[in-house]
Amino acid sequence: MPEVLKAPLVVEFPFTRSLGPVQSAFLTGLRERVVLGVRTTDGRTLVPPVEYDPVTAEEIHDLVEVAPTGTVTTWAWNHAPRRGQPLTTPFAWVLVRLDGADTALLHALDAPGPDAVHTGMRVRIRWAGERTGAITDIACFEPHDGEPGQPSGSHGELAGDRVTGIVAPARLDYTYSPGRAQSAYIAELSTQRTVGERCPSCRKVYVPPRGACPTCGVPTAEQVEVGPRGTVTTFCIVNIKAKNLDIEVPYVYAHIALDGADLALHGRIGGIPYDQVRMGLRVEPVWTEGARYPDHYRPTGEPDADYDAYKELL
Amino acid sequence: MTSEEPSGVRDIAVVAFAQTDVRRTTDELSEVEMLMPVLHSVLDRTGLKTADMDFTCSGSSDYLAGRAFSFTLALDGVGAWPPISESHVEMDGAWALYEAWTKLLTGDADTALVYSYGKSSPGSVRDVLTRQLDPYYVAPLWPDSVALAALQAQALIDAGDTDEPALAAIGARSRRVATLNSRAQLRGSVPQGDYVVRPLRTGDCPPVGDGAAAVILAAGERARALCSRPAWIRGIDHRIEAHALGVRDLTDSPSTRLAAEKAGAFERPVDTAELHAPFSAQEVVLRKALRLNDSVRVNLSGGALAANPMMAAGLIRIGEAAARIHRGESDRALAHATSGPCLQQNLVAVLEGEPR
């Protein structure tokens, strides 16, 4: 069995999220160093605030300011901070019930060590130097021995523009492995050969192979070289240029049934004006120097394939 | 297609169960390659083919493999020709089983194939799971899954419900009984290890692993024909609690208790329980919520502390409970599955075998 391939894969996306009226007030408040909660109809104050009562599902919007000081309701010592977490030095995760609130907020507590942390300890907010209207405007909490903090007297009437949205970047790192069948396919491509796998039951040849026959639900293993020539079974003309793509539009993207394959794969058609591409056109791959897959397919000059030869592969 | 049944409510049973070995990595296998042997195994147990299945439902998550619509590729392992009736939940397969159960209840189907899988080795599960948190107030802080479980563990310790040695004993017991479960990832004596996030040590946390599981459900006489002792689902229910951690009492699990009540778990004692408690402290919460006393055999499979393939571990709990009934080792078993941080969502099923 050839070596199973592995490669780093990063999935990264900046999620742009809209805020509702209560979330907007809360995050605007953090920017102004004011912590707002929301009052439920039974008189409890939720911090962080939400737009719907978690018990009754009633819409709630009665904002009330709470203090920047509070009490730890539970904690956990994090000796090895991970990427993206609030502090880069060891810290405690804490749930903090701010003075005036009935529920607890999750954040980080900057403390010298686990012995300096206990449930019931008093803490206060340490504000971030630059605040944008995000939960990270609270840099962290810190131990607090003094009096309870005083609210500013604000009731959600804050100066400046309201924060109406946040951008929440997400990034996850993977080591991707495509498994046995696709590793073998990719390994063969590096020698400019295209290899599929034949289903032991229905005898169809799948390209690229995924290790299973999607029709019969049985494993495939028998390798079959297909192509290099093939037939355009269907196509579309792309008129809008994708970002970071150096292919001029319009161009043709096609399904190509390689000779010997029972499944068409995708590819770009070149070497022919876009408006002359047709179903049945016979094509062959064009490799560029050092490439790991064909750059595009071009006409072979053969007569077009008969419709009956590829109609099952549409 | 289905016979009239006098009560109006159909009897539905788990008639077969299969699972993979759970392993730390399965680099050499794609998801469908990992899944296929399990699908074949569960079908072989009943003599059925995919084409015989009235409904197919699966559970998995794209975030584990970092690949969009990965469940559609996994469908290759089922064999979707002739066309099949199929559905998917972006959750543990226990919830896929719930969907299949409702499908059978309606009379639309007599048999269902339920499967789920998780290939979590490509990414870091601790970080991946942060993406299921509240995206406004919590996810931007990247609190990992161990950290959140540790907050719950400390709350239990503060409440006097447990202490660190008691937690260590839960992990040790799980791995000791798992020596009898050849599918489990961690078996036998495993050092309790250092703190991961205090108060949880390595031994309090589930191993990260890849695995898959499948069950077949059948209704009424069909179930009797397919299995000599079907595991009848007497009740099944799932409940969720408030999303915000700071709103909840982390030392209790009212959603589990309510699901158990609705599933009929408290009507008569169970002899066996399979609990999905990925962290040792969560077993303390669940035993309390489910009122399990020492006469109940809990997690004889080793539970999630011995093998916790994401998205399959909950379905495995139902499968393990059912398999004990199939083998005559249990007459009335409770199976529990969880999802989300600190036991946010909980499913309880009550399974029974007929008198022997």
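This text follows the structure it describes.
Remember, it's a predicted structure, so these values are computed and weren't measured experimentally.

S.K.: Can you explain the overall build of chain B? Please cite residues and give values.
M.R.: In terms of helices and strands, chain B carries 11 helices and 12 strands. Relative to a compact globule of 356 residues, whose C-alpha radius of gyration would be 21 Å, chain B shows 19 Å and is just as compact. Each principal axis of the C-alpha atoms in chain B carries an extent, and together these give about 55 × 45 × 40 Å. Counting every position in chain B, which comprises 356 residues, the buried fraction comes to 65%. Contacts in chain B between residues far apart in sequence, at least 24 positions, make up 79% of those at least 6 positions apart. Surface exposure of chain B reaches about 12300 Å², of which carbon and sulfur atoms provide 51%. On chain B, the mean spot of the 35 positive side-chain charges and the mean spot of the 45 negative ones are 4 Å from each other.

S.K.: An account of a nonpolar patch on the surface is needed here, citing residue identities and associated values.
M.R.: Taken together, the side chains of A:Phe13, A:Phe15 and B:Tyr63 define a hydrophobic patch exposed on the protein surface, amounting to about 290 Å² of accessible area. Tracing the backbone through its elements, the reader meets A:Phe15 in strand 1 (residues 7–18). Exposure remark for A:Phe15: the relative accessible area of 31% places this residue in the partly exposed category.

S.K.: How would you explain the sheet that holds strand 4 (residues 62–66) of chain A if you had to name every residue and give the values?
M.R.: Residue and element names in this part refer to chain A. Spatial ordering of the open sheet is given by 3-2-4, a layout of three strands whose pairing is antiparallel. The sheet terminates laterally at strand 3 (45–46) and strand 4, the two strands that pair on one side only. Note: strand 2 (residues 35–39) against strand 4, five bridges, orientation antiparallel. Bridging across to strand 4, Leu36 finds its partner in Glu65. Across the face of the sheet, helix 1 (residues 21–31) comes into contact with strand 2 and strand 4 while running at roughly 155° to strand 2.

S.K.: With reference to specific residues and values, describe the pattern of salt bridges.
M.R.: According to the stated counting rule, one finds 50 salt bridges over all chains in the structure shown. B:Asp11 is the partner of B:Arg234 in a salt bridge, and the nearest nitrogen-oxygen pair spans 3.8 Å. Taken together, the positions of B:Arg234 in strand 8 (residues 231–240) and B:Asp11 in the segment before strand 1 (12–19) put the pair 223 residues apart, joining distant regions of the chain. We classify B:Arg234 as partly exposed; its relative accessible area is 38%. Through salt bridges with shared partners, a single network forms among A:Arg229, A:Asp259, A:Arg282, A:Glu284, A:Arg298 and A:Glu302.

About the thresholds
- Along each chain, numbering runs from 1 in the same order as the chain's sequence is written.
- Chains and ligands are labelled sequentially in the order written, the chains with letters from A and the ligands with numbers from 1.
- With the structure being a predicted model, the display of local features is reserved for residues of pLDDT at least 70 and the display and counting of side-chain atom pairs for 80 or more, all residues being used for whole-chain, interface and lining totals.
- Excluding hydrogens and water, the side-chain values take into account all heavy atoms of the structure.
- Elements are defined by DSSP. Helices are runs of H or I of four residues or more, strands are runs of E of two residues or more, and each kind is numbered from the N terminus.
- Based on C-alpha atoms, the radius of gyration is set beside the globule rule, defined as 2.2 Å times the residue count to the power 0.38.
- Buried means the residue's accessible area, taken with a 1.4 Å probe over protein chains only, is under 20% of the maximum for its type, while exposed means over 50%, and partly exposed covers the values in between.
- Residue contacts are counted whenever heavy atoms from the two residues lie within 4.5 Å of one another.
- A 1.4 Å probe and the Shrake-Rupley method give the accessible areas. Residues count as covered only by the protein chains that appear here.
- When charges are counted, Lys and Arg contribute as positive and Asp and Glu as negative, whereas His and the chain ends are disregarded.
- Positions of charges follow a simple convention, taking NZ of Lys, CZ of Arg, CG of Asp or CD of Glu.
- A patch consists of residues whose relative accessible area exceeds 30% and which take part in no salt bridge; residues with like charges are grouped when within 9 Å of each other, and nonpolar side chains (Val, Leu, Ile, Met, Phe, Trp, Tyr) when within 5 Å.
- Definition used for salt bridges: Asp or Glu carboxyl oxygen within 4 Å of a side-chain nitrogen of Lys or Arg.
- A pair of strands is treated as paired once DSSP finds two or more bridges between them.
- Here the axes come from fitting lines to C-alpha atoms, over the contacting stretch only for helices, and the angles between their N-to-C directions go from 0 to 180 degrees.

Taken by themselves, the reported measurements are silent on function.
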